[in-house]
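Spelled out, the chains give:
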Amino acid sequence: MTMLLTGKKTAIIGGGPGGLTLARLLQQRGAEVTVFERDTDRTARQQGATLDLHDESGLRALTEAGLLAAFQQHYRPGADKIRLTDGQANILYDQHQETDAATFGHEHFRPEIDRGPLRDLLLDSLQPDTIVWDSQLLGLEPLAEGWQLRFRNGTTAYADLVVGADGANSKVRPLVTPTQPFFTGFTVVEGNVYEAVRHAPAMAALVQGGKVFALDGKQSIIISAKGDGSISFYTGQRTSEAWVQESGINFQNPQQVAQWFAHDFADWHPIWRELVATDQAYFVPRPQYCMPLNQHWDAQPNLTLLGDAAHLMPPYAGEGVNMAMLDALELSNCLTSPAFSSTREAIAQYETEMRRRAAEAAHMSIVSMEELHSPNGIAWMSQVVSPILSN
């Protein structure tokens, strides 16, 4: 290990895939790392939709972390297969009818894994007591050559180096940059239906263990099957920034959600209403924000960001978790490289490359979001999917 981290305590704020990947990589290289996570334990929170990892980013980070074999034991073959439909549930394109053309090591192979198993395999790879649970960060102040961390549970901790991996509402980010995200003009309603075969049988049959992209030129519904028998989905539509507040909808009330869906998706086939017709589900509205593509800040010697805390973007290119895990790999490489004489120099190199990569991914996400909600959406999506099968 380079001398940059010798004798120093590194604190990672947030135990998502990016933060946990960084912890694993740094521990492999002898660094002293603590992850502070707001959840009370690993089972405290419902994990969202499935994740597709990419060869050049998420899978590369897992390979470097020595975790590819563990991933191969937990990923879900076939969960990456897509059905493309219109709003009337007509199947227009079906990857289930195609012969698999890619596997591990192929640039277009994007294996799916549920968030829970991915998090568990990362957690299990860490040294005992690496994670300090029930540690929601309230703030941090400079102390000596590092930072004093304050948590909601009343505890404090010192770290020489702090990495903000604490997501869209990062408490670390304001100390790095005042730049704020912008509203993209779209709002997603995330949903999860438990025991889908029982509570949403038509949707479970349609998704067939994989994914469904349903488009009508203005709105979208994206559905993913999960290994626990549930299905997760995202509706997408153009809204005002304050739509969630102005709508008056209580998204914890299934009847109100069903009424909203019946109104806003009135032109869609009634089969889709099955997604919101059960109380065995949860719903969360998510206005879509994105960090400016040209953001910049000066590097600090003891503070940096990764993942959504650094480059929040919409989910329409599947790049969020992959960028976070690649951030972790590149930051760990810089912090443990003999090429840099100071942590500031190492962080500056990491952040320069991270911002460049993130801007490209965010641009792709914005373009995808606009195209999927355009009259050309179905044709555009068909062109995106078909090259993956033929290469």
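Let me begin by describing the structure that accompanies this report.

## Comments concerning the environment of V367
Logical step 1: Looking at where V367 falls in the secondary structure, it is placed in helix α11 (residues 343–372).
Logical step 2: The class of V367 is partly exposed, set by a relative accessible area of 33%.
Logical step 3: Note: C-alpha distance between V367 and A317 (50 residues apart in sequence) is 8.9 Å.

## Some details on the packing of aromatic side chains
How two aromatic rings sit relative to each other is set out by the distance from centre to centre and by the angle between their planes.
Logical step 1: Under the defined criterion, the tally for this structure stands at 13 aromatic pairs.
Logical step 2: Measuring from ring centre to ring centre gives 5.9 Å for W260 and F261, while their planes differ by 75°; the resulting arrangement is edge-to-face.
Logical step 3: Residue classification places W260 among the buried positions, given a relative accessible area of 6%.
Logical step 4: Classification of F261 by relative accessible area gives buried; the value is 1%.
Logical step 5: Each member of the aromatic cluster is reached from another via a ring pair, and the members are W243, F251, W260, F261, F265, W268 and W272.
Logical step 6: Between R355 and the ring centre of W297, over which it is positioned, the NZ or CZ distance is 4.7 Å.

## Notes on the sheet that holds strand β9 (residues 146–151)
Logical step 1: With antiparallel pairing, three strands are arranged side by side in an open sheet as β8-β9-β10. Where the open sheet ends on each side, the last strands, each with one partner, are β8 (137–143) and β10 (156–159). Taken over all neighbouring pairs, the strand axes of this sheet differ in orientation by 25° on average, direction set aside.
Logical step 2: Note that β8 and β9 share six bridges and pair antiparallel. When the bridges of β9 are listed, G139 appears paired with R150.

Thresholds applied
Residues numbered from 1 in each chain as written. Predicted model: local features only at pLDDT ≥ 70, side-chain atom pairs only at ≥ 80, totals over all residues. Heavy atoms only, no water. Helix = DSSP H or I, 4+ residues; strand = E, 2+ residues; numbered from the N terminus. Buried < 20%, exposed > 50% of the residue type's maximum accessible area, 1.4 Å probe, protein only. Phe/Tyr/Trp six-rings, centres within 6.5 Å; stacked < 30°, edge-to-face > 60°. Lys NZ or Arg CZ within 6 Å of the ring centre and 35° of its normal. Pairing = 2+ DSSP bridges. Axes fitted to C-alpha atoms, helices over the stretch in contact; angles between N-to-C directions.

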